[in-house]
2 protein chains.
Amino acid sequence: MNEVLQSIVEQTPGARAVILMGFDGITVDQYADPDASVEIEALAMEFSFRIAELRAAAQSLDLGDLLDLTLRAERGTLLIRCLDREYFLALFLEDPRHFGKGRWLLRTKGMSLRDQL
Amino acid sequence: MNEVLQSIVEQTPGARAVILMGFDGITVDQYADPDASVEIEALAMEFSFRIAELRAAAQSLDLGDLLDLTLRAERGTLLIRCLDREYFLALFLEDPRHFGKGRWLLRTKGMSLRDQL
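Glancing now at the pairing of strand S1 (residues 15-22) of chain A. Residue and element names in this part refer to chain A. In terms of burial, S1 is largely enclosed, as seven of its eight residues are buried. Pairing of S1 with strand S5 (residues 87-93), which is carried by seven bridges, proceeds in the antiparallel orientation. Of the residues in S5, the one forming a bridge with Leu20 is Leu89. Pairing between S1 and strand S2 (residues 27-32): five bridges, direction antiparallel. In the sheet register, Ile19 faces S2, and the bridge partner there is Gln30.

So, in structure tokens, the structure goes:
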């Protein structure tokens, strides 16, 4: 599982860290580039409950399941991929230019990670 | 202002409605395609407070200002562009394939709308 997380960071230019976490804020596994300037666990924990709320809002508004979320801020971009009702992947990019590659990797590799849960 | 909103919807393939709203949930102006299946105002109101919370979280995590947010669900994609500390644009797409075009329009046309506020 950790090799899969590492490959997501290494194959996404500009990415620094990734984490697999439950919506309850409990980490399953994570990988960070040695140069990473962020604490991906603190970041994902801060957002986990809010993402769970956004999921509930999307459901109540008849939009169906929340698939993914991209949050672009001045000093970093966070890509969230919901794996199922309990777990999500969060990838942090310092440089957002290749976020499309990151989003694709989260989707494809996320499926194999979900099968391991 | 309404013509600018209309042009964002018409120039984004798959887009159905757009709204300019305050983070307090009060609408400034909106435009919806006659075929739109969603209530963009209800949608944006539901998310306005949550977006404000995400902005605060991004600030507290030292990510700086929240610039934009993409929320992709099974039956629709919502693009949010923060114009300043008080207002945001929300564009609803039934078909998310051209969301990059929508995000670009929100950014460029958002600047001219902000100057009118």
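All names here are of chain A. Relative orientation of the contacting elements helix H1 (residues 2-11) and helix H3 (residues 99-116) amounts to 170°, with a least axis distance of 10 Å. Considering the angle they form, H1 stands roughly antiparallel to H3. Contacts between H1 and H3 involve Val4, Leu5, Ser7, Ile8 and Gln11 from the former and Lys101, Leu105, Leu106, Lys109, Ser112 and Leu113 from the latter.

Here we come to the sheet that holds strand S4 (residues 76-82) of chain B. The antiparallel open sheet is built from 10 strands, whose spatial order is S2(A)-S1(A)-S5(A)-S4(A)-S3(A)-S3(B)-S4(B)-S5(B)-S1(B)-S2(B). Two strands in the sheet have a free side with no partner beyond their single neighbour: S2 of chain A together with strand S2 (27-32) of chain B. Across the sheet, the mean angle separating the axes of adjacent strands is 10° when strand polarity is ignored.

The next thing to look at is the confidence of the model for chain A. Looking at chain A, pLDDT values average 93 and 100% of them are 70 or higher. Here the prediction assigns the complex a pTM of 0.92, and the interface score ipTM is 0.90.

Rules used throughout
- Residues numbered from 1 in each chain as written.
- Chains lettered and ligands numbered in written order.
- Predicted model: local features only at pLDDT ≥ 70, side-chain atom pairs only at ≥ 80, totals over all residues.
- Heavy atoms only, no water.
- Buried < 20%, exposed > 50% of the residue type's maximum accessible area, 1.4 Å probe, protein only.
- Helix = DSSP H or I, 4+ residues; strand = E, 2+ residues; numbered from the N terminus.
- Pairing = 2+ DSSP bridges.
- Axes fitted to C-alpha atoms, helices over the stretch in contact; angles between N-to-C directions.
- Parallel < 35°, antiparallel > 145°, perpendicular 65-115°, else oblique.
- Contact = heavy atoms within 4.5 Å.
- pLDDT = per-residue confidence, 0-100.

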